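Geometric and topological summary
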Amino acid sequence: MHDERLKPMSPLRKAMLRPELGAICGTFLVFVFFFLVARDTGMFSAEGVMNWGIVAAQFAIIAVGAGLLMIAGEFDLSVGSMIGFSGMVIAIVGVAWGYPIWLAILAAFALAMLIGAINGWIVVKTGLPSFIVTLASLFILRGLTIFLSISATRQTIVGGVRDAAEGDWLAPLFGGKVFGGLFVWLADIGVISTYTRGTRAGEPVVDGIPMMMVWAIGLIVFAHVLLTKTPFGNWIYASGGDAQAARYTGVPVKRVKVSMFVFTAFCATVFATCQVMEFGSAAADRGLLKEFEAIICVVIGGALLTGGYGTVIGAALGALIFGVVQQGLFFTGVESSLFRVFLGVILLLAVIMNTYTRRLITGER
Amino acid sequence: MTTTPIIELRDIEKHFGPVIALNGVSFSVFPGEVHCLLGDNGAGKSTFIKTMSGVHQPTRGEILVEGRPTVLESPREAMRLGIATVYQDLAMIPLMSVTRNFWMGREPVKRFGPIKLIDFAHANRVTLEEMRKMGIQLRGPDQAVGTLSGGERQTVAIARAVHFGAKVLILDEPTSALGVRQTANVLATIARVRKQGIGVVFITHNVRHALAVGDRFTVLNRGQTLGTANKGEIDYEALQDMMAGGQELASLEEAVAEA
C-alpha cells in the first residue's frame, strides 16, 4: 500500500520535523553572537552565567507550565496575575496575619491550583476559547490582588517576608541556595573568583545554585518525562491534537485539560514563591506580562499555537534564549527597549517557521 | 450463517423531539460477514450507527448483542462489548505518530516502582506488525499519521479496532473521501478483516463500493429499511433505485436533461 508517488524525504526536511530544532539553532546562534560581542564584559564568568541563568530559570518555570497547557490545546493568560496573587497570599497570610510561612506557602499553592482548576473547569464546561476565559481571570485576579493587599495592609507592597521566613522549614525550598560547599571549593582552587573587599571578602562571588534554578531543572525533567514517556503525556498530545478524536478512543480529555490548568497555576506559584523569598516582599503588580513571555518561550520552542505539537525541551530552550538575550543586551550596554523589538521579531519568525513545519507534517497546502 | 448475529437491532425507532429519524429499522451482523448499509444523505444512516455504537439510545426497539438483550449506555460500554466504530474524519490525529495514535487511550505500560511509563519497544513492535498484516509498510513507528494517505489512515484506524478486540466493526463512509486506488486498498482491508471472523457494518452511499465487498445489503430511506438482500440477489440498478426512494433513476436522468 506504499504510495510510490510519495517523495522520499530529505534528511534536512526530516530534521525540520523535530519541534525544537529551531530553538536548538536559535540557542546556538545566540551563544555564538554574545560570545563574540560580549566576551570581555564578564557575561561568561561564573557571576555572569549566574546572572542570565537565573533569568532563564524564571522564564523556564512558567514556560514549562504554559508549554504543557498549549500542547493540550489551551492557553492561560492569567499566569502573570497568578504570580502577583500567589505572592500576595504568602505575604498577607505570613506577614500581615502572622501565620507561619510554611502555612502561607501551602495556602498560596492550594488557592492558586484551585483557581487554575476553576479556569479549566469553565473552559471544558462552556467550550469557550481559553483565551477569553483566562483573559477574564487575568483582570479578576489582578484586581483581587490589589484589593486584598490594600484591605489587609493598606499598601500594595508587603515586606517583612524574609524575617517571617527565618527558621521556617519550607521557605528554604524556594529561597535558599544549594551546593554552597562546591562553590567554596571552586573558589579555593581558583576556578571562580572571590570578593576582594567588603564584609564578604574571601567568599566566592557565586555562593550556590539558587532554588529557582533547581526548580526550573526539576520541572523541566518532570514535564519532559510526563509528556514523552507516560500514557498521560500521550493524552496531552491527543487532547490538543484533536479533542473529538481523542474522546472517541476513550481519552479523558476534560480531565487532562483541567489538570494542565492546575499544573500551570502550580508553576506560576513556584515562580511567585521563589521571587517573594528572594525579594523578601510581595507586590501587587508582580508578574506583569509574564503570561505572554511564557507563551513566547513555548512558541520559540516550536510548539504550535493550535495545540497537539511541541516539546518541553523546546520551551526550556526558548526560555534560555530569552534569558541570554535579555541579560546579554544589558551586558553589552545596548538600549534595553530594543529587547522588546527583538522579542517581537523572534516571535514572528518562530510562528512562521512553526506553521511551515505543520504543513510538512500534515501535508496541508 | 447458522450462528447468532453478533449484534441485532429490532424495530429501532429514534425520535428527536417531533422529528422521527428512525422509524422501525431492523438490522443484524453475523461473524465474518460484511453487511452494507446504504442510504442517501438524510436517510438516517448516522443516527442509526450512533444508536448501534452507544451514542444514542433508541426511543423504541431492542438491541441484542450475541443473542442477549442489551442496553448500550455509552460508546465506552459498546466498545467493551466489542462494538468498535471508525468515524470518517475522526479516526486519527495527524500530528501524532502512528504508534501514539494506535495506542491512544490504551497505552501499554512498564512499571518502575510507582511510575508507569509507556512500553514503547512493545508498542512500536505491535504497531509495525499490525500494519504489516494490513499491507502497510511504515517508514517507522514514529512516522506522523499526517504523512499517511487518507486510505492508510482509515486502515490504521481499522487495524487498531481489530487489535483491541472488535467483534463488530462499524465503518462510517470509509471510502467516501478517497480516490479509486485508495478505495480499493480500504476495500481490501475490509475483506481481510472479514476473514478474521469479524462482522463488518459498511456504511456507504456508493453502490459500487458496497457490491465489491458486501455479503448482504440493507437500504435505508427516510428512516425506514426497504428490506435486506443477499449477495447475488440484487444488482446495481436495483440498489441504486432503492436508495433514490423507489423513484426510477430515469427521473434523475430527465432532471439532468432538463437542466
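Residues numbered from 1 in each chain as written. Chains lettered and ligands numbered in written order. Predicted model: local features only at pLDDT ≥ 70, side-chain atom pairs only at ≥ 80, totals over all residues. Heavy atoms only, no water.

1. With respect to the overall build of chain B
How we decide: The way it works is that DSSP assigns letters per residue, a run of H or I at least four long becomes a helix, a run of E at least two long becomes a strand, and they are numbered from the N terminus. Computation of the radius of gyration draws on C-alpha atoms, with the globule rule given as 2.2 Å multiplied by the number of residues to the power 0.38. Accessible area is worked out with a 1.4 Å probe on protein chains only. A residue is then buried under 20% of its type maximum, exposed over 50%, and partly exposed in between. Whether two residues are in contact is decided by their heavy atoms, any of which lying within 4.5 Å being enough.
Secondary structure summary: chain B contains nine helices and 12 strands in total. Relative to its length of 259 residues, chain B is compact, with a C-alpha radius of gyration of 20 Å against a globular reference of 18 Å. With the C-alpha coordinates aligned to their principal axes, the bounding extent of chain B is approximately 65 × 40 × 40 Å. A total of 259 residues make up chain B; the buried ones form 49% of that total. Once local pairs closer than 6 in sequence are excluded, the contacts in chain B between residues at least 24 apart make up 66%.

2. Looking at the pattern of salt bridges
Residue and element names in this part refer to chain B. Filter applied, for reference: Just to be clear on terms, a salt bridge is a Lys or Arg side-chain nitrogen sitting within 4 Å of an Asp or Glu carboxyl oxygen.
Under the definition given, this model contains 13 salt bridges over all chains. The partner of Arg-80 in a salt bridge is Glu-77, with the nearest N and O atoms 3.3 Å apart. Taken together, the residues Arg-80 and Glu-77, both in helix α2 (residues 75-80) and three residues apart, mark about one turn of the helix. Owing to a relative accessible area of 60%, Arg-80 belongs among the exposed residues under this scheme. Salt bridges sharing partners connect three or more residues here, namely Glu-8, Arg-10 and Glu-62.

3. A word on the nonpolar core
Soluble globular proteins tend to bury their nonpolar side chains together. How we decide: Joining through side-chain atoms within 4.5 Å is the link that ties buried Ala, Val, Leu, Ile, Met, Phe, Trp, Tyr and Cys residues into a set, and such a set is a nonpolar core.
Grouped together as the largest cluster of nonpolar side chains are 113 residues, with contacts concentrated most on Ile-61 and Met-277 of chain A. Here the element with the most residues in this core is helix α3 (residues 46-71) of chain A; it accounts for 16 residues. Those residues within four positions of Met-277 of chain A in sequence are excluded, and the remaining contacts are Ile-90, Ile-101, Ile-105, Val-161, Arg-162, Ala-165, Ala-171, Phe-174 and Gly-175 of chain A. Val-126, Met-131, Met-134 and Ile-234 of chain B belong to the second-largest nonpolar core, a separate cluster that totals 43 residues.

4. Side note on the packing of aromatic side chains
We count it as follows: Aromatic rings from Phe, Tyr and Trp, taking only the six-membered ring of Trp, are treated as a pair when their centres fall within 6.5 Å; an angle between ring planes under 30 degrees marks them as stacked, one over 60 as edge-to-face, and anything in between as tilted. In this analysis the charged atom, NZ for Lys or CZ for Arg, is taken to sit over a ring once it is within 6 Å of the ring centre and within 35 degrees of the ring normal.
What the rule picks out here adds up to 22 aromatic pairs over all chains. Measuring from ring centre to ring centre gives 5.5 Å for Phe-31 of chain A and Trp-52 of chain A, while their planes differ by 70 degrees; the resulting arrangement is edge-to-face. A residue pair is termed long-range when its members are at least 10 positions apart, and Phe-31 of chain A in helix α2 (residues 21-38) and Trp-52 of chain A in helix α3 qualify at 21 residues. Arranged with centres 6.1 Å apart and planes meeting at 40 degrees, the rings of Phe-102 of chain B and Phe-164 of chain B form a pair that is tilted. Of the two residues, Phe-102 of chain B sits in helix α3 (residues 98-103) while Phe-164 of chain B sits in the loop between α5 (150-163) and β9 (168-172), which places them 62 residues apart along the sequence. For Phe-164 of chain B, a relative accessible area of 25% gives the class partly exposed. An aromatic cluster of at least three residues, connected via ring pairs, comprises Phe-109, Phe-174, Trp-215, Phe-222, Phe-263 and Phe-266 of chain A. In this structure, Arg-208 of chain B is placed above the aromatic ring of Tyr-236 of chain B, and the distance from its NZ or CZ to the ring centre is 4.6 Å.

5. Focus on the interface of chain B and chain A
Test applied: What counts as buried area is the accessible surface, traced by a 1.4 Å probe, that two parts surrender upon association, with contributions from both included. Whenever two N or O atoms come within 3.5 Å, that pair is a polar contact, provided that in protein one can donate a hydrogen and the other can accept it, and provided that, for residues adjacent in sequence, both atoms are side-chain atoms.
Listed per partner, the contact involves 32 residues of chain B and 33 residues of chain A. Interface area, chain B with chain A, both sides summed: about 2900 Å², of which 61% is carbon and sulfur. Applying the counting criterion to the chain B and chain A interface returns zero salt bridges. Counting every contact that joins chain B to chain A gives five residue pairs in polar contact (both at pLDDT 80 or more). Listing elements by their share of the side of chain B that touches chain A, those giving two or more residues are α2, α3, β8 (115-118), α5 and α6 (180-195) of chain B. The element contributing the most residues to the side of chain B that touches chain A is α5 of chain B, with five residues.

6. Points about the sheet that holds strand β4 (residues 60-65) of chain B
Residues and elements named next belong to chain B. Using the following cut-off: For two strands to be treated as a pair, DSSP must find no fewer than two bridges joining them.
Here four strands make up an open sheet; going across it, the order is β2-β1-β4-β5 and the pairing antiparallel. Here the strands that pair on one side only, and so sit at the sheet edges, are β2 (19-29) and β5 (68-69). Note that β4 and β5 share two bridges and pair antiparallel. Residue pairing in the sheet places Leu-64 in a bridge with Pro-69 of β5.

7. A look at the domain arrangement of chain B
Residues and elements named next belong to chain B. The criterion, for reference: What fixes the domain bounds is an automatic or database domain assignment. For this scheme, ten residues count as nonpolar: Ala, Val, Leu, Ile, Met, Phe, Trp, Tyr, Cys and Pro. Four count as charged, namely Asp, Glu, Lys and Arg, and the remainder, Gly too, count as polar.
Segmentation of chain B into domains returns domain 1 (7-93 + 150-258) and domain 2 (96-143). Taking only C-alpha atoms into account, the centre of domain 1 sits 29 Å from that of domain 2. Across the boundary between the two partners, domain 1 contributes 14 residues, which contact 14 residues of domain 2. Across the domain 1 to domain 2 interface the summed buried area is about 1400 Å²; carbon plus sulfur atoms make up 70%. For the pair domain 1 and domain 2, the number of links is zero salt bridges. At the boundary of domain 1 and domain 2, one finds five residue pairs in polar contact (both at pLDDT 80 or more). For the side of domain 1 that touches domain 2, the secondary structure elements donating two or more residues are α5 and α6. Considering every element that reaches the side of domain 1 that touches domain 2, the biggest residue donor is α5, with seven residues. Looking at the side of domain 1 that touches domain 2 residue by residue, the classes come out as eight nonpolar, three polar and three charged.

8. Here's the deal with a nonpolar patch on the surface
The following threshold applies: Only residues above 30% relative accessible area that lack a salt bridge enter a patch, with like-charged residues linked at up to 9 Å and the nonpolar side chains Val, Leu, Ile, Met, Phe, Trp and Tyr linked at up to 5 Å. Note on areas: these come from Shrake-Rupley sampling with a 1.4 Å probe, and a residue is covered only by the protein chains present in the view.
A cluster of nonpolar side chains, namely Phe-28, Leu-29, Val-32, Phe-33, Leu-36 and Val-37 of chain A, defines an oily patch on the protein surface of about 630 Å² accessible area. Looking at where Val-32 of chain A falls in the secondary structure, it is placed in helix α2.

9. Some thoughts on the packing of helix α11 (residues 231-241) of chain A against helix α13 (residues 253-279) of chain A
Residue and element names in this part refer to chain A. We apply this condition: Axis definition: a line fit to C-alpha positions, over the contact stretch in the case of helices; interaxial angles, taken between N-to-C directions, run 0 to 180 degrees. By the definition adopted for this analysis, an angle is roughly parallel if under 35 degrees, roughly antiparallel if over 145, roughly perpendicular if from 65 to 115, and oblique otherwise.
At a minimum axis distance of 10 Å, the contact between α11 and α13 shows a crossing angle of 100 degrees. In terms of orientation, α11 and α13 fall into the roughly perpendicular class. For the pair α11 and α13, contact is made by Phe-232, Trp-235, Ile-236 and Ser-239 and by Val-253, Arg-255, Val-256, Lys-257, Ser-259 and Met-260, respectively.

10. Considerations on the packing of α3 of chain A against helix α10 (residues 211-229) of chain A
Residues and elements named next belong to chain A. Stated precisely, the cut-off is as follows: Each crossing gets its handedness from the near helix: less than a right angle anticlockwise from the far helix is left-handed, clockwise is right-handed.
Between α3 and α10, whose axes approach to 9 Å, the crossing angle comes to 30 degrees. Taken together, the axes of α3 and α10 are roughly parallel relative to one another. For the pair α3 and α10, the crossing hand works out as left-handed. Every residue of α10 that contacts α3 at Met-50, Gly-53, Ile-54, Ala-57, Gln-58, Ala-60, Ile-61, Val-64, Leu-68 and Ile-71 is listed here: Met-212, Met-213, Trp-215, Ala-216, Leu-219, Ile-220, Ala-223, Leu-226 and Leu-227. In terms of residue class, the contact of α3 with α10 is made up of 17 nonpolar, two polar and no charged.

11. Considerations on the pairing of strand β7 (residues 109-112) of chain B
Here β7 of chain B pairs with β8 of chain B via four bridges, running antiparallel. Looking across to β8 of chain B, one finds that Lys-110 of chain B is bridged to Leu-117 of chain B.

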